[in-house]
Amino acid sequence: MSAAPTVLPRSRAGSLADRLRLGDPFAYTLTVVCAASIFLVTCLLVYQLWLGSALSRHKFGWEFIFSSTWDPVTETYGAVPFMFGTVVTAILALLISVPIGLGAAIFLSEMALPAISDTLTFLIELLAAVPSVIYGLLGIFLLVPVLESTVVPALKSVIGFLPIFSGPFYGVSLFSASVVLSIMIVPFIISVSREVLLAVPVDQREAALSLGATKWETTWQVVVPYAKRGIYGSIFLALARALGETMAVTMVIGNTPHVPTSLLQPGDTIASVIANQFTEATSDMYISALIELGLVLFAITIIINGLARLLILTTGSKTGK
Amino acid sequence: MLQRRRKIVNVVMLSLTGVCTVFIVSVLFVILGYLFWNGARYLTVNFFTKLPAPVGEAGGGMANAIVGSGKLLFLATLIGVPFGFLGGVYLAEFGTGMFPSMVRYMTDLLNGVPSIVIGIFAYGVVVAKMHHFSTLAGGLALGVMMVPIALRTTEEFLRGVPQSLREGAMALGASKARTIATVVIPAAIKGIFSGMMLDLARVAGETAPLLFTSLGNRFWSPGWDKPTAALPVMIYQYAVSPYDDWHRQAWAAGFVLLALVLLVNVIARLVLARASHAAG
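Keep in mind that this is a model prediction, so the values were computed, not measured. (Residues numbered from 1 in each chain as written. Chains lettered and ligands numbered in written order. Predicted model: local features only at pLDDT ≥ 70, side-chain atom pairs only at ≥ 80, totals over all residues.)

**A few points about the overall build of chain B**
At step 1: Counting its secondary structure elements, chain B contains 10 helices and 0 strands.
At step 2: Along chain B, helices (α) and strands (β) appear in the sequence α-α-α-α-α-α-α-α-α-α when read from the amino end.
At step 3: Over its C-alpha atoms chain B spans a radius of gyration of 23 Å, topping by over 25% the 19 Å that the globule rule assigns to 280 residues.
At step 4: Principal axes of the C-alpha set define a box for chain B whose edges measure 75 × 70 × 35 Å.
At step 5: When burial is assessed residue by residue, chain B has 51% of its 280 residues classed as buried.
At step 6: Counted over contacts in chain B with a minimum sequence separation of 6, partners at least 24 positions apart contribute 72%. (Helix = DSSP H or I, 4+ residues; strand = E, 2+ residues; numbered from the N terminus. Rg over C-alpha atoms; globule rule 2.2 N^0.38 Å. Buried ≥ 20, exposed ≤ 12 C-beta atoms within 10 Å, placed from the backbone. Contact = placed C-beta atoms within 7 Å.)

Below, the structure is given as structure tokens:
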């Protein structure tokens, strides 16, 4: 800062400061190129998926996403078993994690003292940092045995009459994968929902309380509806993550390419079939079909992410109902 | 009667929210406890110094996977940090008009792409062209995964720097580039650095994009153009194998990986919390 007065005269002499002034266009060009590289990578990604799946797309056409036969021996490929597994596990994971996550978010924003709330949120966010292969490891050796010995028998005795809970439990199954997924996505639901709940103005709560509402009525009928769109946004983001999750699911789902009739049977998801079979794929058509699955997964997650962003975008213009 | 019902509902529901919180936090402690208990039991010095032993032979370690992970992360940093950082500088300091918001949208989109799809991308760009799996391909996949978060973190922390600092520097005659390099970036460097560390910790645990890029290797992988072992891939392969001694190795590797990732997370988050206190 003290060097400032000397900068001006020297700059006329074409010295360091002058060149630094020329640094502006240089810095602009450098940074804009780096920012634009995002476009390059995304376009290249789509191009790779499109090019790589050409063989399979030409042979099967739209039949690919409507056929449920996946047979590398006869070179017939259909995506239905995997799309089914992906969607079912993700939705079941949401059914488990949304109530728990929303409950915890309400506790952290409405009930807990700020210091406690911050500490607990810190711990919960650490849960989000645990690598997915670690979840898979614990899934195989801790969760599946626990589900097999206690949880599933208990569930079967209560809701075993439902067809989706019928049949023997294989350990590795759609249900196990959903439970692992639900633990993995719950931190996202909690941290985003807590933020939006904390952003609800205090007057809203005070008004409801002064009308004689209980704390719970205030929370459930005033605060939560106010933050509704943000909460939906967090759920959609969690859904997008659940759809694309690979390792933990691969390790506990059983990897069987057929459409299961019960949640207790093994299945497969798009991400896990790619992870499992890509290096074993021997023919070009086989690899091409796997890449087309990648294209389908890419399209699904883009749509879900787009919806989530749309929900969050419209939060500003319209609040609540 | 109604009053009593309302009060009971109030107490029951509020306690349930507490139960949810306790449940989630205890899941974290169960994970940590179970992994550390198992991992610490099976962790030996050999784990850090020896190559993997053949099936049925006792001993052996994952030295090659530790080095492999290090090399992959080094490559990822070389790709992810410069592009993310400079892109972030553009968004925060130069960006006006339509283009920056398009960049932001694309960044979020890329961030939402499942990691296995990034793996297919690196396979197509590097492996299919070179006709063999390599450290290079794995590093590229991880690097591409790092860019979106590096970019958005840099932008966020640069935006947190007060406008008056920029004006002060410019009023003293500094060019825009010089203002950014000597005033704005130093003011935000702590936050940016912590953000990058978190980003690195995130890709350090990634397995899916490595499965068909760096593949795996039971021996040392000299240079950059050969398949290499990596800790997360080893954990996966050992965990799904049918051998008990491999399972023990998987636990030890899981323990090491999780300890590193959580350590980086805790330190970076503490630094971040302090940096935002100082700024606010």
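From this point, the discussion proceeds with the structure in view.
**Points about the packing of helix α4 (residues 80-111) of chain A against helix α7 (residues 174-198) of chain A**
Residue and element names in this part refer to chain A.
At step 1: Packing of α4 against α7 brings their axes to within 6 Å, and their N-to-C directions diverge by 35°. Note on packing geometry: the crossing formed by α4 with α7 is right-handed.
At step 2: Of the residues assigned to the contact of α4 with α7, the class counts are 22 nonpolar, 8 polar and 2 charged. (Axes fitted to C-alpha atoms, helices over the stretch in contact; angles between N-to-C directions. Left-handed = near helix turned anticlockwise from the far one by under 90°. Nonpolar A, V, L, I, M, F, W, Y, C, P; charged D, E, K, R; others polar.)

**Regarding the packing of helix α6 (residues 132-159) of chain A against α7 of chain A**
Residues and elements named next belong to chain A.
At step 1: Contact geometry for α6 and α7: axes closest at 10 Å, N-to-C directions at 130°. By the criterion of interaxial angle, the relationship of α6 to α7 is oblique. Every pair of crossing elements has a handedness; the one defined by α6 and α7 is right-handed. Where α6 approaches α7, its residues S132, Y135, G139, L143, V144 and L147 are matched on the opposing element by S176, V179, V180, I183 and M184. (Parallel < 35°, antiparallel > 145°, perpendicular 65-115°, else oblique.)

**Brief notes about the environment of V271 of chain B**
At step 1: Tracing the chain through its elements places V271 of chain B in helix α10 (residues 244-279).
At step 2: With near-sequence residues (within four places) excluded, V271 of chain B lies in contact with K190 and S194 of chain B.

**Some points on the interface of chain B and chain A**
At step 1: Contacts between the two partners involve 71 residues from chain B, matched on the other side by 72 residues from chain A.
At step 2: Among the elements that take part in the side of chain B that touches chain A, helix α1 (residues 2-42) of chain B stands out by supplying 19 residues, more than any other.

**Some words on the domain arrangement of chain A**
At step 1: What the domain assignment lists for chain A is domain 1 (4-52) and domain 2 (61-317).
At step 2: For domain 1 of chain A and domain 2 of chain A, the distance between their C-alpha centres works out to 41 Å. (Domains from an automatic or database assignment.)

**Remarks on unusual backbone geometry**
At step 1: Positive phi is not limited to glycine here, since N255 of chain A has a value of about 50°.
At step 2: The residue N255 of chain A is located in the loop between α11 (247-253) and α12 (270-277) in this model.
At step 3: Not every positive phi belongs to a glycine, and L215 of chain B is a case in point at roughly 65°.
At step 4: Following the sequence through the fold, L215 of chain B ends up in the loop between α8 (176-204) and α9 (231-239).
At step 5: For L215 of chain B, a count of 22 C-beta atoms within 10 Å translates into the label buried.

**Examining the nonpolar core**
At step 1: V180, I189, L239 and V252 of chain A together with L231, M234 and I235 of chain B are the most contacted members of the largest nonpolar core, which totals 185 residues.
At step 2: At 16 residues, the largest contribution of residues to this core is made by α7 of chain A.
At step 3: Looking at which domains feed residues into this core, each of domain 1 (4-52) and domain 2 (61-317) of chain A supplies at least three.
At step 4: When neighbours within four sequence positions are excluded, V252 of chain A is seen to be in contact with G136, G139, I140, V144, V172, S176, A177 and V180 of chain A. (Core = buried A, V, L, I, M, F, W, Y, C linked by C-beta atoms within 7 Å.)

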